[in-house]
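Listed below are the residues making up each chain.
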Amino acid sequence: MKALPGCREKVRDLLIGLAADVRAEPGCERFVVHTLATDPDFFHVEETYRDEDAFKAHMGTDNGRGVHHPPATQC
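Residues numbered from 1 in each chain as written. Predicted model: local features only at pLDDT ≥ 70, side-chain atom pairs only at ≥ 80, totals over all residues. Heavy atoms only, no water.

Chemist: What exactly am I supposed to notice about the overall build of the chain here?
Modeler: Scanning the chain for helices and strands turns up 3 helices and 2 strands. Beginning at the N terminus, the succession of helices and strands in the chain can be written as α-β-β-α-α. In the chain, buried positions account for 25% of the 75 residues. Here the analysis covers contacts within the chain between residues at least 6 apart in sequence; of these, 43% occur between residues at least 24 apart. For the chain, the exposed surface amounts to about 5100 Å²; the carbon and sulfur share of it is 55%. (Helix = DSSP H or I, 4+ residues; strand = E, 2+ residues; numbered from the N terminus. Buried < 20%, exposed > 50% of the residue type's maximum accessible area, 1.4 Å probe, protein only. Contact = heavy atoms within 4.5 Å. Areas by Shrake-Rupley, 256 points an atom, 1.4 Å probe, with all protein chains shown as cover.)

And the structure:
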């Protein structure tokens, strides 16, 4: 996802907080947030879950809906 101009820090802080919450979910094996050196406004999230049931459970949480369907807002 790409942060709107001037919103990089807010997006970063939200993703850092989200990462801690998602990693605590049962079945989450990996949740890593990356930025590109060539474009620090671009964020890439990698997630790994134990199995399909763990992923479905994640998608049923506010955390899952927030990452996969973020609201279109201005920062």
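Chemist: Would you take a moment to explain the side chain of Asn 63 for this structure?
Modeler: Note that Asn 63 resides in helix α3 (residues 62-68). Of note is the side chain of Asn 63, whose polar atom sits 3.1 Å from the side chain of Glu 25. Apart from residues lying up to four places away in sequence, Asn 63 is in contact with Leu 18, Asp 21, Val 22, Glu 25 and His 58. (Polar contact = N/O pair within 3.5 Å; in protein donor to acceptor, adjacent residues only side chain to side chain.)

Chemist: Got a minute to help me understand the pairing of strand β1 (residues 28-36) in this structure?
Modeler: Along a regular strand, successive side chains alternate from one face of the sheet to the other. Pairing geometry for β1 and strand β2 (residues 39-49), over 8 bridges, is antiparallel. Bridging from a neighbouring strand, Val 33 pairs with Val 45 of β2. (Pairing = 2+ DSSP bridges.)

Chemist: Is there a simple way to think about the pattern of salt bridges in this case?
Modeler: This model, assessed by the stated rule, comprises 5 salt bridges. In this structure, Asp 51 engages Arg 50 in a salt bridge whose closest nitrogen and oxygen atoms are separated by 3.7 Å. (Salt bridge = Lys/Arg side-chain N within 4 Å of Asp/Glu carboxyl O.)

Chemist: Where do I start with the nonpolar core in this structure?
Modeler: One broad trend across soluble globular proteins is that nonpolar side chains are buried collectively. Core analysis: the largest hydrophobic core is formed by 12 residues, namely Ala 3, Val 11, Leu 15, Leu 18, Ala 19, Val 22, Cys 28, Phe 31, Phe 43, Val 45, Tyr 49 and Ala 54. A total of 5 residues in this core trace back to one element, the largest contributor, which is helix α1 (residues 8-23). (Core = buried A, V, L, I, M, F, W, Y, C linked by side-chain atoms within 4.5 Å.)

Chemist: Looking at this structure, I do not really get the side chain of His 58. What am I missing?
Modeler: Looking at the secondary structure, you find His 58 in helix α2 (residues 52-59). His 58 gets classed as buried once you look at its relative accessible area, which sits at 1%. Of note is the side chain of His 58, whose polar atom sits 3.2 Å from the side chain of Glu 47.

Chemist: Would you mind showing me how to read the environment of His 44 here?
Modeler: Mapped onto the fold, His 44 is located in strand β2. A residue is classified by how much of its surface remains accessible, and His 44, at 37% relative accessible area, is partly exposed. Considering only alpha carbons, one finds His 44 and His 34, 10 residues apart in sequence, at a separation of 5.1 Å. For His 44, the residues in contact, after removing those within four places along its chain, are Val 32, Val 33 and His 34.

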